[in-house]
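Inside the fold
Chain by chain, the residues run as shown.
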Amino acid sequence: MKNMFKTLVWYISTFVFFFVLVFTTSCVDLLEVKIVDHIPTNPIVIGTVTPDSGRVASQMIIRGENFGGHKDSIEVFINQQKAAVIGVNPEGTMIYCIVPTLRGVEDRQEGDEITAKVKVVIGGNTSNIINKDFIYTFSQNVSTFLGFTDQDGNTAIVDGSFDKAQFQSPFWLAFDTDVDGPKDSNGKPKKNIYLIEENNGLRFIDMYEQTVSTVFRTGNGVGRPRTIAFTLNPNDLEYNRDTMIIANDGGDWGSIGTIILARDSASRQFVGPWKAVMHHKQCNGGAIHPVSGEYWFNSYSKSQVYKVFNRSSQIWRYGGPTSDKLNENGKEGTNYFFLVQDDSWEFNIQIAPSGNFAYIVSKNQHYIARMEYNFDKKAFEKPQPFVGSQKRRGFKDGVGVGNTLFNEPQQGAFDKFDNFYVCDGENNCIRKVTPQGQVSTFAGRPGNPGYSDGALRDAQFDGPFGIIYDDEIQTFYVADRDNRRIRVIKVE
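Read on for an overview of the structure. Remember, predicted model here, so these are calculated numbers, not experimental data. (Residues numbered from 1 in each chain as written. Predicted model: local features only at pLDDT ≥ 70, side-chain atom pairs only at ≥ 80, totals over all residues. Heavy atoms only, no water.)

Overview of the side chain of Arg 487
As for its placement among the helices and strands, Arg 487 is situated in strand S39 (residues 485–491). Relative accessible area serves as the criterion here: at 0%, Arg 487 is assigned to the buried category. Reaching out from Arg 487, the side chain makes a polar contact with the side chain of Asp 453 at a distance of 2.8 Å. Within the structure, Arg 487 has its side chain in polar contact with the side chain of Asp 480 (distance 2.7 Å). (Helix = DSSP H or I, 4+ residues; strand = E, 2+ residues; numbered from the N terminus. Buried < 20%, exposed > 50% of the residue type's maximum accessible area, 1.4 Å probe, protein only. Polar contact = N/O pair within 3.5 Å; in protein donor to acceptor, adjacent residues only side chain to side chain.)

Concerning the nonpolar core
The biggest cluster of nonpolar side chains holds 27 residues, and the ones touching the most others in it are Ile 62, Val 76 and Val 120. Residue assignment for this core shows that the elements contributing at least two residues are strand S1 (45–50), strand S3 (59–65), strand S4 (74–78), strand S5 (81–88), strand S6 (94–98), strand S7 (113–116), strand S8 (118–122) and strand S10 (134–137). Filtering out sequence-adjacent residues up to four positions away, Val 120 remains in contact with Ile 44, Ile 46, Ile 62, Phe 67, Ile 74, Glu 75, Val 76, Ile 95, Asn 125, Thr 126 and Ser 127. Counting residues in hydrophobic clusters, the runner-up holds 19 residues, among them Ile 196, Leu 202, Met 244 and Leu 261. (Core = buried A, V, L, I, M, F, W, Y, C linked by side-chain atoms within 4.5 Å. Contact = heavy atoms within 4.5 Å.)

Topic: the sheet that holds S6
Read from one edge to the other, the open sheet built from seven strands follows the order S1-S3-S6-S5-S4-S8-S9, with strand pairing classed as antiparallel. The open sheet has two edge strands with one neighbour each: S1 and strand S9 (125–126). In this structure, S4 lies alongside S5, joined through three bridges in antiparallel fashion. Looking across to S5, one finds that Ile 78 is bridged to Gln 81. (Pairing = 2+ DSSP bridges.)

Structural notes on the pattern of salt bridges
Scanning the model with the defined rule gives 30 salt bridges in all. Lys 188 serves as the salt-bridge partner of Glu 472, at 3.7 Å between the closest nitrogen and oxygen. Linking Glu 472 in the loop between strand S37 (464–470) and strand S38 (475–480) with Lys 188 in the loop between strand S13 (170–177) and strand S14 (191–197), this pair joins segments that are 284 residues apart in sequence. Judged by its relative accessible area of 48%, Glu 472 is partly exposed. Lys 188 gets classed as partly exposed once you look at its relative accessible area, which sits at 38%. Notably, a salt bridge pairs Glu 198 with Arg 481, separated by 3.0 Å at the nearest N-O pair. Of this pair, Glu 198 sits in the loop between S14 and strand S15 (201–206) while Arg 481 sits in the loop between S38 and S39, and the two are 283 residues apart along the sequence. One exposure class covers both Glu 198 and Arg 481, and it is buried. Connected through shared salt-bridge partners, Glu 198, Arg 226, Glu 346, Glu 426, Arg 481 and Asp 482 make up one network. (Salt bridge = Lys/Arg side-chain N within 4 Å of Asp/Glu carboxyl O.)

A look at the packing of aromatic side chains
For the coordinates displayed, the defined rule picks out 29 aromatic pairs. Considering the side-chain rings of Phe 230 and Phe 270, the 5.6 Å spacing of their centres and the 45° angle between planes classify their relative orientation as tilted. Linking Phe 230 in strand S17 (residues 225–232) with Phe 270 in strand S20 (residues 270–279), this pair joins segments that are 40 residues apart in sequence. Each member of the pair, Phe 230 as well as Phe 270, is classed as buried. A ring pair is formed by Trp 296 and Phe 380, whose centres lie 5.0 Å apart and whose planes are at 75°; its orientation type is edge-to-face. Taken together, the residues Trp 296 in strand S22 (residues 295–299) and Phe 380 in strand S29 (residues 379–380) connect sequence positions 84 residues apart. Its relative accessible area of 0% is what places Trp 296 among the buried residues. Phe 380 sits in the buried class, given a relative accessible area of 4%. What links up through ring pairs into an aromatic cluster is the set Trp 296, Phe 309, Phe 337, Tyr 373, Phe 375 and Phe 380. Sitting over the face of the ring of Phe 406, Arg 431 holds its NZ or CZ atom 4.7 Å from the ring centroid. (Phe/Tyr/Trp six-rings, centres within 6.5 Å; stacked < 30°, edge-to-face > 60°. Lys NZ or Arg CZ within 6 Å of the ring centre and 35° of its normal.)

These values are about where atoms sit, not about what they do.
Have a look at this one:
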């Protein structure tokens, strides 16, 4: 209770100080407050830093001498990282600034601490280094990576540089690592992002040129692209290569169900026009097995799960449970591996990086099933409910089936420990599902949609439906559909 009171007093005093800074700065002429100049021949002295510990975006007050009362001439550095200076009092004895991220290239975990030096630089002159270090604690935070709206919340599909690009309905994300393409500064294949705009098309996010472009817009029989997968490089299964596979949700068995795009040899990007390789009904999603390279997909019609047995011809052949049980292209898919549940189960298949198991994520039935992979048979076993409650939408953390609730879960991302971070779309948050079936809230405010960055449980999402995870830089990318932005979650 004592610590909570101290924290409250700190925030109140900081707010009062900030208000006074803003008021005196904006009313200098009215009040005839004299602004003291920095004296270059005198030392810049830091007396105290308050608080003496904090995280990224913490508010900091530096008290001392000879800062001068001109904000624009003051620079503050914390461990060589530049802090945002918000204000300074006219006497030049107090600076108000925001702690920057101190994350370097090394891995950091939530709760890690380092000591940091604070210094003030004015016109090339540097302050003393105070004896007491600032203790910086690393924490996971939500921030905005791409996209913006106007004052009325409107946006459009706009290509261009990162600062100009806009999004309409970001929905499903996928990393593309081109093993034969250009390398990054560390000599590794570059990793870019492709994004499905729900009912609108496919976008390309170039992480190195920092541009966003449109690959194709919906039309010509492809009106509801749902998921992205990539064929595997047979020589190096760790990386994706060659062909992009997109599942399309068409209305009948004669509809385009699966399209592919090839990688351009010059640009190393996937380019149009797309090519239809299967006609089938109401596909909510498909996935490539990360070890065997098989393509698995579903149909909403009767909640069927299919495997593609032949991708060598112009039209792919699919069916199950054996290779002699195949369906005719554009005809009802009566041959399948199994049914997930009843009819009209909207779901997608998401396979763990090990290939040992996969999750069936049912968006409209609000639960997640798990199915094990049999490497000898090269087939998944029939899925069993794992977390959530079938046909019951809601929010509840806990363990297992019936004791947990979701509200339209969609895309998820695995970490190296097989934890699954799934977008709980209509609960407006990201949930964490462990391999043991423990469900907890990872980020966002359940049932409280909005738009705000910050600490994991303070930040707000509005209809997050897509997520991917880059383990190398410990960063999640989230397609925040109704905020029309791409958000990131990372340790800072």
